[in-house]
Amino acid sequence: MSGRTRGWLFGLAAILAIQVLRMPVRNGSAQDGFEAPPEVRSAVLTACFQCHSERARWPWYTQIAPFSWFVHAQVEEARKRLNFSSWKDYLYDPGTAAQKFGAINQMVRSDAMPPWYFRALSARGRLTAAQRAAIETWAIEGRARALKAEPN
Amino acid sequence: MPCRKKTILTFLAVAAGGVLAFSQAVHANGATVATVRFSGDRFEPAKLTVPANQPFTLEVTNADKKAIEFESFDLHRERVVRPGQTITVYMAPAAPGHYTFCDDFDHSVAEGAIEAR
């Protein structure tokens, strides 16, 4: 057996071995409480809920290590930063709501969200120009309302 | 020491202890207002106690020279606080438990905690 073949076999064995380390698929409550105009809700539901909610979908490829580790870490971090399943809770504090609206606008406007790898993997991550514009307008107006309610 | 004097002193000591223990949560018009101050790269007090299952407000003062981002992932709150600024954070009723908060701009700053009882 050549060194190269041995290398491939070792790599394959390593990939099979790490499948033992499975990541738990975790979704919280199916209720999201996220309210927005229909075009915005529809776009956010399709493109953002995958990571930023408790309603993530877990296709088969998200169960294969080491890819599964990356996906789970991304979803955990995304939920920490912005979880649409907790949207009503954010709105309870106008200052927090203003920051969340501001961040959404900034991320969508700068094309940082949805991230490139999600867009590459899934058509769900590809927002149209009209969808982006709708989200931006909604976020700008939402931030203005929140700031009016809580000026500090 | 006469027994009465001892009783009064004991009472005063217990009362003072109670005031100290609950100085983090001042009740005004029925709503609980807790306060926390950021200075010298730390939150003071580092641990607050609030009543569980009741809304409360948290006043965060940044007495430092740099901006901080008061962040509680557990309680879903995120606010930038500029130097010298005091902000009011409105909190929904929290179930009994331990909730952490931090300066999300600087993770070397020790976390603070809110205990809902």
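Cut-off values and rules
Per-chain numbering applies: the sequence of each chain, read as written, is numbered from 1 onward. All chains are assigned letters beginning with A, and all ligands numbers beginning with 1, in the order in which they are written. Residue-level local features of this predicted model are given only where pLDDT is at least 70; pairs of side-chain atoms are given and counted only at 80 or more, and the full residue set underlies all totals for whole chains, interfaces and linings. The basis for every side-chain value is the complete set of non-hydrogen atoms in the structure, without hydrogens or water. Between Lys or Arg on one side and Asp or Glu on the other, a salt bridge is scored when a side-chain nitrogen of the former is within 4 Å of a carboxyl oxygen of the latter. Strands are runs of DSSP state E lasting at least 2 residues, helices are runs of H or I lasting at least 4, and numbering of each runs from the N terminus. Burial classification: accessible surface area is computed with a 1.4 Å probe over protein chains only, and a residue below 20% of its type maximum counts as buried, one above 50% as exposed, and the rest as partly exposed. Working definition of a nonpolar core: buried Ala, Val, Leu, Ile, Met, Phe, Trp, Tyr and Cys residues. They are joined through side-chain atoms within 4.5 Å. What makes two residues a contact is simply this: any of their non-hydrogen atoms within 4.5 Å. A strand pair is defined by DSSP finding two or more bridges across the two strands. The angle between two axes is taken between their N-to-C directions and runs from 0 to 180 degrees, where each axis is a line fitted to C-alpha atoms and a helix contributes only its stretch in contact. Accessible area that two parts lose when put together, evaluated with a 1.4 Å probe and summed over both, is termed the buried area. Polar contacts here mean pairs of N or O atoms no more than 3.5 Å apart (in protein, one a potential hydrogen donor and the other a potential acceptor; neighbouring residues in sequence count only if both atoms are side-chain atoms). Residues are sorted three ways: Asp, Glu, Lys and Arg are charged, Ala, Val, Leu, Ile, Met, Phe, Trp, Tyr, Cys and Pro are nonpolar, and all the rest, Gly among them, are polar.

Asks: Is there a simple way to explain the pattern of salt bridges in this structure?
Replies: For side chains of opposite charge, pairing can occur when their charged atoms come near one another. Tallying each qualifying case throughout the model produces 16 salt bridges over all chains. Among the ionic pairs, E71(B) bridges to R81(A), the shortest N-O distance being 3.9 Å. Of this pair, E71(B) sits in strand 6 (residues 68–72) while R81(A) is found in helix 3 (residues 67–81), placing the two residues in two different chains. Judged by its relative accessible area of 2%, E71(B) is buried. For R81(A), a relative accessible area of 28% gives the class partly exposed. When salt bridges with common partners are traced through the structure, they connect E77(A), K80(A), R81(A), E71(B) and D104(B) into a single cluster.

Asks: Just checking my understanding: could you explain the nonpolar core for this structure?
Replies: If you look at soluble globular proteins, the nonpolar side chains tend to sit buried side by side. Ranked by internal contacts, the top residues of the largest apolar core, which has 23 residues, are F43(B), L58(B), V60(B), F70(B), M91(B) and I114(B). Of all the secondary-structure elements, those providing two or more residues to this core are strand 2 (31–39), strand 4 (47–50), strand 5 (56–62), strand 6, strand 8 (86–91), strand 9 (97–103) and strand 10 (112–116) of chain B. Those residues in contact with I114(B), other than ones at most four positions away along the chain, are L48(B), V50(B), F56(B), L58(B), L75(B), M91(B), G97(B), H98(B), Y99(B) and F101(B). Counting 22 residues, the second largest nonpolar core, distinct from the first, contains F101(A), V108(A), A134(A) and A139(A).

Asks: Honestly, the sheet that holds strand 4 of chain B in this entry has me stumped. Any pointers?
Replies: Read from one edge to the other, the open sheet built from five strands follows the order 4-10-9-6-7 (chain B), with strand pairing classed as mixed. Two strands close off the open sheet at either side, each with one partner strand: strand 4 and strand 7 (77–81) of chain B. Averaged over all pairs of adjacent strands, the angle between strand axes in this sheet comes to 20 degrees, irrespective of strand direction. Across the sheet, helix 5 (residues 94–109) of chain A is in contact with strand 6 and strand 7 of chain B; its angle to strand 7 of chain B comes to roughly 85 degrees.

Asks: Looking at this structure, I do not really get the environment of K148(A). What am I missing?
Replies: Residue and element names in this part refer to chain A. On the secondary structure map, K148 appears in helix 7 (residues 129–149). What makes K148 exposed here is its relative accessible area of 74%. Taking the C-alpha atoms as reference points, K148 and P94, 54 residues apart in sequence, are found 8.6 Å from one another.

Asks: Is there a simple way to explain unusual backbone geometry in this structure?
Replies: With the exception of glycine, the majority of residues adopt a negative phi angle, and the majority of peptide bonds are in the trans configuration. With an omega of -10 degrees, the peptide bond between M113(A) and P114(A) qualifies as cis. Mapped onto the elements of the fold, P114(A) is located in the loop between helix 5 and helix 6 (116–121). Residue P45(B) is bonded to the preceding E44(B) through a cis peptide linkage, with omega at -5 degrees. With phi around 65 degrees, D41(B) is a residue other than glycine that occupies positive phi space. Topologically, D41(B) is positioned in the loop between strand 2 and strand 3 (42–44). Phi is positive for N53(B), close to 60 degrees, though the residue is something other than glycine. On the secondary structure map, N53(B) appears in the loop between strand 4 and strand 5.

Asks: What is the right way to read the interface of chain B and chain A from this model?
Replies: By convention, interface size is frequently given as the accessible area that disappears when the constituent parts associate. Each side of the interface is counted separately: chain B has 21 residues, and chain A has 14 residues. Across the chain B/chain A interface, buried area totals approximately 1400 Å², and carbon plus sulfur atoms make up 41% of it. Its largest share of buried area at the contact with chain A, chain B owes to H76(B), E78(B) and R79(B), together 40% of the area lost on that side. Linking chain B to chain A there are 10 residue pairs in polar contact (both at pLDDT 80 or more). Those elements that place two or more of their residues in the side of chain B that touches chain A are strand 6, strand 7 and strand 8 of chain B. A total of six residues in the side of chain B that touches chain A trace back to one element, the largest contributor, which is strand 8 of chain B. Partitioned by chemical class, the residues of the side of chain B that touches chain A number 10 nonpolar, five polar and six charged.

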